[in-house]
Amino acid sequence: MVNYKVTLHTDDRVAAGTLNHVYIKLVGTQGESERKWLMGLKGAKAFKKGAVSSFTVSAPTSLGQLVLVEVDKKAFVGFLEDSWFLSMVEVKSPYGDTFTFPVHRWISDSNVHRFREAAALRVLDDKHHLGRYSREQELKVREEAYRWHVYTEGLPHCIKAEDLTSLPCEVQFSFTKSTEFAFTAASGLLELKLKGLDNCKKGWTNIHDIDQVFCCKQTDIADYVQKHWKEDSFFGIQYLNGVNPILIRRCTELPKNFPVTDSMLFPSGQMSLDAEIQKGNIFLCDYKHLDGVKTNTINGKTQYLMAPLVLLQKTADEKLMPIAIQLKQTPAEDNPIFLPTDSEYDWLLAKIFVRSADFSEHQLNTHLLRAHLLAEVYAVSLLRNVPMVHPLYKLLIPHTRYTLQINFLARNLLISENGSFTQFSASGGEGMLTILRRSLSAVTYSSLCITDDIAERGMQDVPNYFYRDDGLRLWYIIYRFVKGVIEYYYKNDQEVQQDTEIQKWISDIFEHGFLSQASTGIPQSFTTVLELVKFVTMVIATGSAQHAAVNSGQYDYGSWMPNTPISLKRPPPTKKGEANEATMLETLPDINVTVQGMATLWLLSQQSSDFVPLGVYPEEHFTEETPRKFIKIFQAQLEELSNNIIARNKKLEVPYTYLNPREVENSVAI
């Protein structure tokens, strides 16, 4: 008999162990073992949380190179099936060879689960029918588990799931994450409920009364926002380092529907707009995707959402100052262009309408669409089309953690008919879908890659743009890591072209994520190694860095409601000189809208205790030495960047922390 030492690693997460009987079969190029019940001296403790247990599996002759293990479990008679998180199976042959089978997934049923050897060569599958059969069987199972669903026409497709329990176990929250998420959601609003504010449909009568809500939960940056929200310089810097840093672009030509004149901006003739544009000192923010959308009705009151045009100027002291605001897209007598020289409340109200528009633009386009919905498309396509031993799967699977469940929750708790965004934001309901569809039609591949996006928006040399500085460094660190791993497995372009699994991965993304729109520039196939490297870099950067940049600061910048109103209940001024403090207070959202928005932003900004930072890989998917070396280099470069960001932030009045790698999660998990 030929004896093989089989070691099974049960994960150490909460409830990872099993009390069921566990069985295994070894499959090699020269035969297979009998299915064996793994029974040992440890008894029921053999597969408890964190256990590493070894057994002997025998075969009458050598099995050759091991390519597959088959694992299943059965409950004791009269007992229920439980869930078991198996991390890895290691097999040592009597000839000195060690074979590793990564699993890293929940096994919750009594079916046979097949796992392939981590370092198995792709050529092996072509030569041995057994290997090809196992790969095809795995993908067949995955295609059934990860089915596409059209949530609503005109939006990226998502995973089909009737409820949370129908999501595959391997993509569900851990016990820790589930418990903390539920607690945070409840506790955020509980404090406000105790104050009797969550159902108060009255308006604010005094700006200082908002402190009753705001003082519940403060951060250092939120405190700074409260003190400086009225200042023009702070209004400008939020376009660079706030939660929506991808809208602003250098203005090379004034839009025809924004008839700003020199006499408005420079009444003493000290400058000209054309000259400032030529110098590169003028910047534009255009909220055209919001134009004409149907707005919400909240507390029985019609809500208002503008589609502003905002002109900003870089000053000699390197500040970015707003110099003109038009609140609607079409010029008209009742659509004045507001200026810093207008009365205090004319100008302040204009900025409030812009900040409210920015809330909807940010939440729906920048955050929900570009980070969450597209990250889900990348993940579902990966899980459907790429087997576990494929290098692309190993590279990307850590960057899909929790994404499918958090998006399922978002669809059911935030943007559903009774969701908080639908109920309490100006763009909730029909308007939300209009904005999302318009935004998707405007997405381009280059806009998803920060290197291209910064150049296209003309933002390469704008001072104090820390999102750009940190984001570009992160992109290049991720790119070098991805390039090293991909080039280790793909030696030439032909190997990429012939890999049917990565071709199906990108094909599904093009079809289900970007709805087969060639105008997006999204690849429909990969023809070179470098094309694959860039796209994988974008996928990792989107789920980690970009999501962190547009998510983590939501409470910081939005908890002081006047800085980011989620809705407004009066129309904007149609003429100048009539606004006052009472007008402003009547325009701001009602008390219950304010507190519901604040509680939601609190929830979306909280870090779980099982947070996994970018570049940390608790589950070892790669077994070869070269990819492991690249991971170590990746981690070292991320740590160096983190230290540099911390050192820089010590010198800043408002630190920019959102792209510090220590604070960036590996995936869209909140």
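Residues numbered from 1 in each chain as written. Predicted model: local features only at pLDDT ≥ 70, side-chain atom pairs only at ≥ 80, totals over all residues. Heavy atoms only, no water.

1. Thoughts on unusual backbone geometry
Where the residue is not glycine, phi is negative for most of them; where a peptide bond is considered, it is trans in most cases. Under the convention used in this document: Only DSSP runs of H or I reaching four residues or more are called helices, and only runs of E reaching two or more are called strands; each is numbered from the N terminus. Burial status follows relative accessibility: with a 1.4 Å probe on protein chains alone, a residue under 20% of its type maximum counts as buried, one over 50% as exposed, and anything between as partly exposed.
Positive phi is not limited to glycine here, since Asn464 has a value of about 65°. Mapped onto the elements of the fold, Asn464 is located in the loop between α15 (450-456) and α16 (466-489). The partly exposed category is assigned to Asn464, whose relative accessible area is 35%. You will see that Ser516, though not glycine, has its phi angle at about 60°, which is positive. Within the fold, Ser516 resides in the loop between α18 (500-513) and α19 (529-551). Look at Ser516 and you get partly exposed, because its relative accessible area is 40%.

2. Looking at the domain arrangement of the protein chain
Keep this limit in mind: For the purposes of this description, domain bounds are those given by an automatic or database domain assignment. In what follows, residue pairs with any heavy atoms lying within 4.5 Å of each other are defined as contacts. In this description, buried area is defined as the sum, over both parts, of the accessible area (probe of 1.4 Å) that is lost when the two are combined. Salt-bridge detection follows one rule: a side-chain nitrogen of Lys or Arg within 4 Å of a carboxyl oxygen of Asp or Glu.
For the protein chain, the domain assignment lists domain 1 (2-118) and domain 2 (120-247 + 358-669). Here the C-alpha centre of domain 2 lies 36 Å away from the C-alpha centre of domain 1. At the interface, 19 residues of domain 1 touch 22 residues of domain 2. Interface area lost by domain 1 to domain 2 is led by His104, Arg116 and Ala118, which between them contribute 35%. Our enumeration of links across domain 1 and domain 2 arrives at two salt bridges.

3. As for the UniProt feature "binding site: Fe cation" (unreviewed entry) in the protein chain
Here is the rule: UniProt positions are given in the numbering used here, feature names are shortened, and annotations may be inferred rather than shown by experiment.
Mapped onto this numbering, the UniProt entry gives "binding site: Fe cation" (unreviewed entry) at His367, His372, His547 and Ile670. Considering the C-alpha atoms alone, the annotated residues occupy 304 residues of sequence yet fold into one spot, their largest mutual distance being 11.4 Å. Its location among the elements puts His547 in helix α19. Here His547 falls in the buried class, since its relative accessible area comes to 4%. Setting aside residues up to four positions removed in sequence, His547 forms contacts with His367, Ala371, His372, Thr542, Ser552, Val668 and Ile670.

4. With respect to the pairing of strand β16 (residues 309-314)
Inclusion rule: Strands are treated as partners if at least two bridges between them are detected by DSSP.
With five of six residues buried, β16 is to be regarded as a mostly interior element. The pairing of β16 with strand β17 (residues 320-326) spans six bridges and is antiparallel. When the bridges of β17 are listed, Lys314 appears paired with Leu320. Connecting β16 to the next strand, β17, in antiparallel fashion are five residues, including Glu318 with a positive phi near 65°.

5. Here we look at the pattern of salt bridges
Throughout the structure, instances matching the rule amount to 35 salt bridges. Notably, a salt bridge pairs Glu70 with Arg114, separated by 3.3 Å at the nearest N-O pair. Placement of the pair is Glu70 in strand β6 (residues 66-74) and Arg114 in strand β9 (residues 113-116), with a sequence separation of 44 residues. Given the relative accessible area of 31%, Arg114 is considered partly exposed. A salt bridge links Lys576 to Asp342, with the shortest nitrogen-to-oxygen separation between them at 3.0 Å.

6. Examining the nonpolar core
The nonpolar side chains of a soluble globular protein tend to be buried, and buried together. Here is the rule we go by: The definition of a nonpolar core used throughout is a set of buried Ala, Val, Leu, Ile, Met, Phe, Trp, Tyr and Cys residues joined through side-chain atoms within 4.5 Å.
Among the nonpolar cores identified, the biggest contains 177 residues, and Leu8, Leu26, Val89, Tyr239, Trp505 and Phe535 are the most heavily contacted of them. It is helix α9 (residues 344-385) that contributes the most residues to this core, 21 residues altogether. A domain-level breakdown of this core finds at least three residues from each of domain 1 (2-118) and domain 2 (120-247 + 358-669). Setting aside residues no more than four positions away along its own chain, Tyr239 makes contact with Asn244, Pro245, Leu247, Ile248, Cys285, Tyr287, Val310, Leu312, Val354 and Asp358. With 15 residues, the next largest nonpolar core counts Val260, Ile277, Leu284 and Ile323 among its residues.

7. Considerations on the environment of Leu139
Relative to the helices and strands, Leu139 is located in helix α2 (residues 129-145). Exposure remark for Leu139: the relative accessible area of 13% places this residue in the buried category. Separated by 84 residues in the primary sequence, Leu139 and Asp223 have C-alpha atoms spaced 51 Å apart.

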